[in-house]
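# Survey of secondary and tertiary structure
Okay, here's what each chain looks like letter by letter:
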Amino acid sequence: MATIKAWAAQGPGKALALQDLDLGPLGPEEVEVDVEYCGICHSDLSMLDNEWGMTQFPLVPGHEAIGRVSALGANAKGLEVGQRVGVGWTAQTCMHCRQCLSGDQNLCASSTATIGGHHGGFAQKVRAHWAWAIPVPEGLDIASAGPLLCGGITVFKPFLAYDIKPTMRVGVVGIGGLGHMAIKFAAAWGCDVTAFTSTAAKADEARRFGAHHVVASRDSAAIGAIAGSLDLLLVTVNVPMDWDAMVGTLAPKGRMHVVGAVLEPIPVAAFSLIMKQREISGSPTGSPTDIATLLDFAARHDIRPQVEMFPMSKVNEALDHLRAGNARYRIVLDASAM
């Protein structure tokens, strides 16, 4: 039995409190990780508020954990005690369904989310199935790496899934926690990058992230001026947009890919798709191999999310900072100060 310190909420909207938590015996295929850093994602807020109606309390949030393996189950494979790994949104999948056997483990119907009926990384330790404890490559900045495990793979997955080439033109809607990483990835991939933002003050910052062009996302004329030009439009925001105009930016065979949790339906004119053979799609995070590929790519190109650091002891202040929309652009908790 393992008793640890963890930050947990007892109900919707409740502040996190430090408590002793019994993790129980380590499963035969589980890995236990001593948490060094853990990012805060907006999904943590959604789960804390039970916004999606699926939260189980008490909830220990945190699904962007970086740390070292401290214990291995009897049947855990490919890892060693002391090895540094990352644990993202998914803690476990069945490993025998068609999706798992095809390499799409992140689409497993019986997957366990790290903060869905499972204790997350705002704690001294976190557990996951061995396949979902992803080795961290040498050269990756571990203090800022946590957000790559959820937000990073969310925006990186389309580049892998849809054979995005470095000669393509990519648009990124929103310069926030997801969007700023998407711009960095697209630029390092070699693409011509257009950033869309509703905040004029972010234009220079978008260019520093790697954008070649910046378009005001509420300016119909500016959007119209680039109509028919983008091969991929990556939507990272969770608010309604002028969807006709957004689809109109796509080149023939272009794709609008949605990773922002837009809660309202997205209306689409059929002929706008049909006549140009355009597509609209969405995706969650990625498979273990996808995440490993992302971490290797980020290490090779020294891609670091822009983060603000808080000690884990200040987790409630950090959550309030994110809730107020003040994070620039991701928050990471340092677990050395529980």
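Below is a summary of the structure that appears in this document. Computed from a predicted structure; not experimentally measured.

## Quick notes on the overall build of the protein chain
Of regular secondary structure, the protein chain possesses 11 helices and 17 strands. Projected onto its principal axes, the C-alpha coordinates of the protein chain cover approximately 60 × 40 × 40 Å. Across the 338 residues in the protein chain, those meeting the buried criterion constitute 52%. Sequence separation of 24 or more characterises 67% of the internal contacts of the protein chain that already satisfy a separation of 6 or more. For the protein chain, the exposed area adds up to about 14200 Å²; of that, 51% sits on carbon and sulfur atoms.

## Some words on the nonpolar core
Membership of the largest hydrophobic core comes to 43 residues, with the highest contact counts inside it found for Leu140, Leu148, Val155, Val170, Ile183 and Phe185. At the level of secondary structure, the elements contributing two or more residues to this core comprise helix 3 (142–145), helix 4 (151–161), strand 10 (169–173), helix 5 (179–189), strand 11 (192–197), helix 6 (203–209), strand 13 (230–235) and helix 10 (288–301). In terms of residue count, the dominant contributor to this core is helix 10 (six residues). Leu140 has contacts with Ala145, Leu148, Leu295, Ala298 and Ala299, leaving out every residue within four places of it along the chain. Of all hydrophobic cores here, the second largest spans 42 residues; its members include Ala8, Leu23, Ile40 and Leu333.

## Some points on helix 11 (residues 315–323)
Buried within helix 11 are the following residues: Val315, Ala318, Leu319 and Leu322. Within helix 11, the buried residues cover an arc of 100° as seen down the axis, which keeps them to one side. Where helix 11 is buried, its residues contact strand 1 (3–8), strand 3 (30–40), helix 1 (42–48), strand 16 (307–311) and strand 17 (330–334).

## Focus on the sheet that holds strand 14 (residues 250–258)
One open sheet accounts for six strands, arranged 12-11-10-13-14-15; its pairing is parallel. Two strands lie at the open edges of the sheet, namely strand 12 (213–216) and strand 15 (279–282), each paired on one side alone. The sheet shows a mean angle of 20° between the axes of neighbouring strands, direction not considered. Bridging between strand 11 and strand 12 involves four bridges; their strand directions are parallel. From the neighbouring strand, Ala195 faces strand 12, where its bridge partner is Val214.

## Things to note about the pattern of salt bridges
When the charged atoms of two side chains lie near each other, side chains of opposite charge can form a pair. Tallying each qualifying case throughout the model produces 14 salt bridges. Across the pair Lys125 and Glu32 runs a salt bridge, and its minimum N-O distance is 3.9 Å. Residue Lys125 is located in strand 8 (residues 125–129), and its partner Glu32 is located in strand 3; the two are separated by 93 residues in the primary sequence. Close ionic contact of Arg207 with Asp204 constitutes a salt bridge, the shortest N to O distance being 3.7 Å. Residue Arg207 and its partner Asp204 are located together in helix 6, separated by three residues, close to a single helical turn. Taking the relative accessible area as the measure of exposure, Arg207 reaches 42% and is therefore partly exposed. What you see here is one network of salt bridges that share partners, running through Glu32, Asp34, Lys125 and Arg127.

## A short note on the side chain of Lys157
Mapping Lys157 onto the fold places it in helix 4. In this structure, Lys157 is in contact with Ser283, Thr285, Gly286 and Asp290, ignoring residues within four places of it in sequence.

## Comments concerning the packing of aromatic side chains
In the structure shown here, the tally under the stated rule is eight aromatic pairs. Seen from their ring centres, Phe156 and Trp189 are 5.6 Å apart, and the 80° between their planes marks the pair as edge-to-face. Residue Phe156 is found in helix 4, and its partner Trp189 is found in helix 5; the two are separated by 33 residues along the sequence. Classification of Trp189 by relative accessible area gives partly exposed; the value is 22%.

## Points about the environment of Pro58
Of note, Pro58 is situated in the loop between helix 1 and strand 4 (65–72). Once the C-alpha coordinates of Pro58 and Gly11 are considered, the two residues, 47 residues apart in sequence, prove to be 6.6 Å apart. What Pro58 contacts, discounting residues up to four positions off in sequence, is Ala8, Ala9, Gln10 and His119.

Thresholds, definitions, all that
Residues numbered from 1 in each chain as written. Predicted model: local features only at pLDDT ≥ 70, side-chain atom pairs only at ≥ 80, totals over all residues. Heavy atoms only, no water. Helix = DSSP H or I, 4+ residues; strand = E, 2+ residues; numbered from the N terminus. Buried < 20%, exposed > 50% of the residue type's maximum accessible area, 1.4 Å probe, protein only. Contact = heavy atoms within 4.5 Å. Areas by Shrake-Rupley, 256 points an atom, 1.4 Å probe, with all protein chains shown as cover. Core = buried A, V, L, I, M, F, W, Y, C linked by side-chain atoms within 4.5 Å. Arc of directions from axis to C-beta. Pairing = 2+ DSSP bridges. Axes fitted to C-alpha atoms, helices over the stretch in contact; angles between N-to-C directions. Salt bridge = Lys/Arg side-chain N within 4 Å of Asp/Glu carboxyl O. Phe/Tyr/Trp six-rings, centres within 6.5 Å; stacked < 30°, edge-to-face > 60°.

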